[in-house]
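Per-entry structural report
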Amino acid sequence: MGGYRVAILTVSDKGSRGEREDLSGLAVEEAVRGMGWRVEARDIVPDELGDIEAKLRHYCDELGVDLVLTTGGTGLSPRDLTPEATRRVIHREAPGFVEAMRAASLRVTPHAMLSRAASGIRGCTLVVNLPGSPRGARENLEVILPALPHGLEKLRGDGGECATT
Amino acid sequence: MGGYRVAILTVSDKGSRGEREDLSGLAVEEAVRGMGWRVEARDIVPDELGDIEAKLRHYCDELGVDLVLTTGGTGLSPRDLTPEATRRVIHREAPGFVEAMRAASLRVTPHAMLSRAASGIRGCTLVVNLPGSPRGARENLEVILPALPHGLEKLRGDGGECATT
Amino acid sequence: MGGYRVAILTVSDKGSRGEREDLSGLAVEEAVRGMGWRVEARDIVPDELGDIEAKLRHYCDELGVDLVLTTGGTGLSPRDLTPEATRRVIHREAPGFVEAMRAASLRVTPHAMLSRAASGIRGCTLVVNLPGSPRGARENLEVILPALPHGLEKLRGDGGECATT
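Residues numbered from 1 in each chain as written. Chains lettered and ligands numbered in written order. Predicted model: local features only at pLDDT ≥ 70, side-chain atom pairs only at ≥ 80, totals over all residues. Heavy atoms only, no water.

Taken as a whole and judged by the stated rule, the model has 54 salt bridges over all chains. With a shortest N-O distance of 2.5 Å, Glu29(C) and Arg33(C) are connected by a salt bridge. On the criterion of helical spacing, the pair formed by Glu29(C) and Arg33(C) is a turn pair, its members being four residues apart in helix α2 (residues 23–34). For Glu29(C), a relative accessible area of 14% translates into the label buried. A residue is classified by how much of its surface remains accessible, and Arg33(C), at 47% relative accessible area, is partly exposed. The structure contains a network of salt bridges with shared partners spanning Asp22(A), Glu29(A), Arg33(A) and Arg42(A). (Salt bridge = Lys/Arg side-chain N within 4 Å of Asp/Glu carboxyl O. Helix = DSSP H or I, 4+ residues; strand = E, 2+ residues; numbered from the N terminus. Buried < 20%, exposed > 50% of the residue type's maximum accessible area, 1.4 Å probe, protein only.)

Here's what the structure looks like:
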C-alpha cells in the first residue's frame with residue numbers, strides 16, 4: 001500500500017505565463033511526498049480545455065501513474081474548465097472524493113459550495129480536482145488522504161492490467 | 001458585487017393553470033429583493049420538459065440574467081422534470097449548490113434526499129433548482145445566499161464576454 | 001404507502017460462481033421484509049456490465065417493481081461497474097440517496113468516500129446501489145429507509161402509468 005506514483009497539474013493562466021509562482025502545485029507536491037509517494041510529473045497549463053485534457057491523458061495513458069491531482073480551474077469563472085476536461089477523460093465517476101471535500105470545506109466557509117471539482121477513474125488512474133489556492137488545495141487533499149491508500153490499492157486490483165508485480 | 005439580475009421560474013401544472021397561487025415564486029422573489037437584487041422576470045410553466053427548457057434558454061440567452069432560480073419539479077413524481085430540463089441547458093455543472101442544500105435539509109428531515117435538484121452554468125448565468133414548497137424554496141435559498149455574491153461576481157469574470165461595465 | 005415490490009441484485013464475481021455465500025443480498029432482503037415490503041426477485045450476477053444492465057432492465061420493465069436495490073460493485077476495483085450499469089438504465093438521476101449514504105458513512109470511516117454508488121429512476125422504478133459488504137449494505141439501506149415510503153409513493157404518482165389501483 002505504498003509507493004504510489006503521482007502526477008500534479010496546476011491549471012492557471014497566470015502560472016503558465018510565469019506571472020505567478022506555483023505555490024499550490026508545490027503545496028500538493030509536499031503533501032504527496034509526505035505520504036512517501038513519488039511525484040512523477042508536475043506541470044502548469046493555462047485554463048484551456050485542450051491543454052488540460054492532453055496532460056491528463058498523458059499522465060494516465062503514457063506515464064500510467066496511480067493518481068493525478070489537479071489544482072485550479074474549478075470555480076465559476078468563465079475560464080474555469082478543469083472539471084470539464086476531467087469529465088472528458090474519465091471512464092468511471094468517483095464522486096465521493098469531491099463530495100467529501102466540499103462537505104468538509106463547507107464547515108469552514110459557505111464559499112466551499114462554489115467548487116465544481118470532479119473526480120473519477122481513467123483506466124488504472126484516479127483523477128481528483130483540488131481548489132486553486134495553496135491553502136485550499138492542501139486542506140482539501142488532507143480530507144481525502146486517509147482514504148487514498150486503500151482506494152489506490154483497490155484500483156490496482158488483484159491481477160489484471162492495473163496490477164503491479 | 002451588487003445589482004445582480006435574477007429570473008424566477010415556478011414549475012407547476014396546477015400553478016400554470018391558475019389553480020394554485022404561486023406562493024413559492026413569491027417567497028423566492030422576496031428573498032431575492034431582500035438581497036438588493038433585481039427580479040427581471042417571473043413566470044409559471046407546467047411540468048413539461050420543453051416549456052421549462054424554453055424559459056431557461058430565454059432567461060440565459062436573451063435576458064442575460066446573472067441568476068435563474070426555479071422552484072418545483074425536483075421530486076420523484078413522474079412529471080418532475082425540472083432537473084432534466086436544467087441539465088439540457090447548462091454547459092458546466094456546479095454541483096456544490098445542490099449538495100449543500102440537500103445536506104442542510106437532511107439535518108431537518110430525511111425527505112431531503114428525495115430532492116433531485118440540479119445546478120449549473122449556461123454562458124454567463126447560474127441556474128439553481130429549488131424545492132417546490134414555499135418554505136422549502138426559501139430555506140434552501142437561504143443555504144446558498146451567503147455564497148452567491150462571490151460566485152456571481154466570479155461568473156462575470158474580469159473582462160471577457162460576461163463582464164459588465 | 002405499503003406493499004411495495006422490490007428486486008435485489010447482488011453483483012459479485014465470486015458469489016455468481018457459488019464461491020461465496022450471498023450474505024449481503026440476504027441482509028438486504030431481511031431489511032426489506034422488515035419494512036413489510038415484498039421481495040419479487042433476488043439474483044446474483046458477475047461484475048459484467050451487460051449482465052448487471054440486463055437484470056436491471058428486467059426488474060424495471062418486465063417485473064415493474066417499485067424499487068431495485070443492488071449490492072456490490074461500487075468501489076474503485078477495475079471490475080466494479082455497478083454504477084455504470086445503473087447510469088445506463090436510469091432516465092432520471094436521483095443523487096440525494098447516494099449523497100446521504102456517503103455522508104452518513106463518512107461519519108464512521110473515511111473509506112466511505114470510495115463508494116461510487118449511483119441512484120436514479122427508470123420509468124416507475126427507483127434503483128439504488130448499496131455497498132458490497134453485508135454490514136455496509138444494511139447500514140446504508142438504513143440511511144435511506146426513512147425517506148423511501150414517501151419517495152416511492154410519489155414515484156407512483158396520482159393516476160398516470162405508474163399508478164396502482
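With six of eight residues buried, helix α4 (residues 82–89) of chain A is to be regarded as a mostly interior element. Residues of α4(A) that are buried include every one of Thr82(A), Pro83(A), Glu84(A), Ala85(A), Thr86(A) and Val89(A), and no others. Those residues of α4(A) that are buried are in contact with β1 (5–11), α3 (49–63), β3 (67–71), β5 (119–122) and β6 (125–130) of chain A together with β4 (92–93) of chain B. (Contact = heavy atoms within 4.5 Å.)

Let's shift gears to the relation of the copies chain C and chain B. At an RMSD of 0.0 Å, chain C and chain B line up after a rotation of 120° and a shift of 0.0 Å along the axis. Taken together, these values place the two copies in the relation of a three-fold axis. Relative to the rotation axis, the C-alpha of Glu99(C) is the closest in chain C, positioned 4.5 Å from it. Little of the interface of chain C is mirrored in chain B: 5% of its interface residues are interface residues there too. (Least-squares fit on C-alpha atoms with pLDDT ≥ 70 in both.)

So, on to the sheet that holds strand β6 (residues 125–130) of chain B. Residues and elements named next belong to chain B. Taken together, the six strands give an open sheet; going across it, the order is β2-β1-β3-β6-β5-β4, and neighbouring strands pair in mixed fashion. Two strands lie at the open edges of the sheet, namely β2 (38–45) and β4, each paired on one side alone. Examined bridge by bridge, strand β5 (residues 119–122) and β6 share four bridges and lie antiparallel to one another. Along β6, the bridge assignment pairs Ser-119 with Val-128. Helix-sheet contacts for helix α4 (residues 82–89) involve β1 (5–11), β3 (67–71), β5 and β6, and the interaxial angle to β6 is about 170°. (Pairing = 2+ DSSP bridges. Axes fitted to C-alpha atoms, helices over the stretch in contact; angles between N-to-C directions.)

Residues and elements named next belong to chain C. Burial along strand β5 (residues 119–122) is two-sided: the face carrying Ser-119 and Ile-121 and the face carrying Gly-120 and Arg-122 are both buried. With two bridges joining them, strand β4 (residues 92–93) and β5 adopt antiparallel strand pairing. In the sheet register, Arg-92 faces β5, and the bridge partner there is Ile-121.

Before going further, it helps to examine the state of the cysteines. Taken as a whole and judged by the stated rule, the model has three disulfides over all chains. For Cys124(A), the disulfide goes to Cys162(A), at an S-S distance of 2.0 Å. Judged by the sign of its S-S torsion, about -80°, the cystine formed by Cys124(A) and Cys162(A) is left-handed. Taken together, the positions of Cys124(A) in the loop between β5 and β6 and Cys162(A) in the segment after α7 (148–156) put the pair 38 residues apart, joining distant regions of the chain. On the basis of relative accessible area, Cys124(A) is assigned to the partly exposed category, the value being 24%. Not engaged in a disulfide, the cysteine Cys60(B) finds its nearest cysteine sulfur in Cys124(B); these two sulfurs lie 9.5 Å apart. What makes Cys60(B) buried here is its relative accessible area of 8%. (Disulfide = S-S within 2.5 Å.)

Our focus in this paragraph is the packing of aromatic side chains. All names here are of chain A. With the rule as written, the count across this model stands at three aromatic pairs over all chains. Arranged with centres 5.7 Å apart and planes meeting at 85°, the rings of Tyr-4 and Trp-37 form a pair that is edge-to-face. Linking Tyr-4 in the segment before β1 with Trp-37 in the loop between α2 (23–34) and β2 (38–45), this pair joins segments that are 33 residues apart in sequence. An identical accessibility class is assigned to Tyr-4 and Trp-37; each is buried. (Phe/Tyr/Trp six-rings, centres within 6.5 Å; stacked < 30°, edge-to-face > 60°.)

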